[in-house]
Amino acid sequence: NTDTIIKAAASIELLHNAKGQEIPRRRLPFLGDFDGLASLRNMGVFLDFSDAEILGRSEDGFIRYMKTSAGRKDLDRDFDKTWEEDLKPNLEDLFISEVNAELKDEDIRLRLSSTIETEYVLKLEVLEIDDDGNNKINFLVVDMSNGEVKAQITCLSDGGRVGRLVGLLNQGFESAAKNFAKLFIENID
């Protein structure tokens, strides 16, 4: 259906254009209005690496590095495909399931899902990932009716120390999910 494709493309463009603000280190790591979010049934999740610096490289540069120059245990000639089809969906699923478990533990009915056909979408604006999988992410609650960022939480999260980069990325996203969930629940409760 052409209308569905056009609507999806417009939603993705709206989400790409939503940007977080820099929060000074001495301030609390959140901005905006969290009112009403606890009463939502579901919120979509959109994982965005387009402005990320991964191992000091852009997303494209990182993909190129993993295909050509990474260490033996991380080298993957098909990394562009692996990144889009396996790693990014896995990181998103890991994040969603961790946050949903925390929300459920706190008896909050809101659930995250991988659809972006929701009133609000949680955009994970990944800013930095280092070689240990440590990350800095802006979590933006985007109003899908107008593209405005209703609320923002910025988290610095730890990855791991030893292992393949893929495993360290997973550890970093697991840590990011826990850090985000804690601050999100504090702000919506």
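On a predicted model such as this, the values are computed, not experimentally measured, just so you know.

Digging into the pairing of strand β6 (residues 135–143)
Where burial is concerned, most of β6 is hidden: nine out of the nine residues are buried. The alternating pattern of β6 places Asn135, Ile137, Phe139, Val141 and Asp143 and Lys136, Asn138, Leu140 and Val142 on opposite faces, both of which are buried. Count of turn residues in the strand β5 (residues 120–129)/β6 antiparallel hairpin: five residues, of which Gly133 carries a positive phi of about 85 degrees. In the sheet, β6 pairs with strand β7 (residues 149–157) via eight bridges, with the strands oriented antiparallel. Each residue of the ladder has a partner; that of Phe139, found in β7, is Ile153. From the end of β6 to the start of β7, which pair antiparallel, there are five residues, and Gly147 there has a positive phi angle of about 80 degrees.

Observations regarding the packing of helix α2 (residues 59–68) against helix α3 (residues 79–105)
The N-to-C vectors of α2 and α3 enclose an angle of 115 degrees; their axes lie 9 Å apart at closest approach. With respect to their mutual orientation, α2 and α3 come out roughly perpendicular. Of the residues in α3, those touching α2 at Glu59, Phe62, Ile63, Met66 and Lys67 are Phe79, Asp80, Trp83, Glu84 and Lys88. Each residue belonging to the contact of α2 with α3 can be placed in one class, and the counts come to five nonpolar, no polar and five charged.

Quick look at a negative patch on the surface
A grouping of Asp105, Glu106, Asp107 and Asp189 is seen on the molecular surface, where their side chains present a negatively charged patch. With respect to the helices and strands, the residue Asp189 is situated in the segment after α4 (165–188). Exposure remark for Asp189: the relative accessible area of 70% places this residue in the exposed category.

Thoughts on the nonpolar core
Of all hydrophobic cores here, the largest spans 47 residues; its most connected members are Met43, Phe49, Phe95, Leu122, Phe139, Phe173 and Phe184. Per-element accounting of this core gives the leading share, eleven residues, to α4. Not counting residues up to four positions away in its chain, the partners in contact with Phe184 are Phe34, Leu37, Met43, Leu103, Leu110, Val141 and Ile153. In this structure, Phe46, Ile116, Leu140 and Met144 belong to the second largest nonpolar core, which totals eight residues.

Scoring rules and cut-offs
- Residues numbered from 1 in each chain as written.
- Predicted model: local features only at pLDDT ≥ 70, side-chain atom pairs only at ≥ 80, totals over all residues.
- Heavy atoms only, no water.
- Buried < 20%, exposed > 50% of the residue type's maximum accessible area, 1.4 Å probe, protein only.
- Helix = DSSP H or I, 4+ residues; strand = E, 2+ residues; numbered from the N terminus.
- Pairing = 2+ DSSP bridges.
- Axes fitted to C-alpha atoms, helices over the stretch in contact; angles between N-to-C directions.
- Parallel < 35°, antiparallel > 145°, perpendicular 65-115°, else oblique.
- Contact = heavy atoms within 4.5 Å.
- Nonpolar A, V, L, I, M, F, W, Y, C, P; charged D, E, K, R; others polar.
- Patch = residues over 30% accessible without salt bridge, like charges linked within 9 Å, V, L, I, M, F, W, Y side chains within 5 Å.
- Areas by Shrake-Rupley, 256 points an atom, 1.4 Å probe, with all protein chains shown as cover.
- Salt bridge = Lys/Arg side-chain N within 4 Å of Asp/Glu carboxyl O.
- Lys, Arg positive; Asp, Glu negative; His and termini not counted.
- Charge placed at Lys NZ, Arg CZ, Asp CG, Glu CD.
- Core = buried A, V, L, I, M, F, W, Y, C linked by side-chain atoms within 4.5 Å.

The analysis is restricted to geometry; functional conclusions fall outside its scope.
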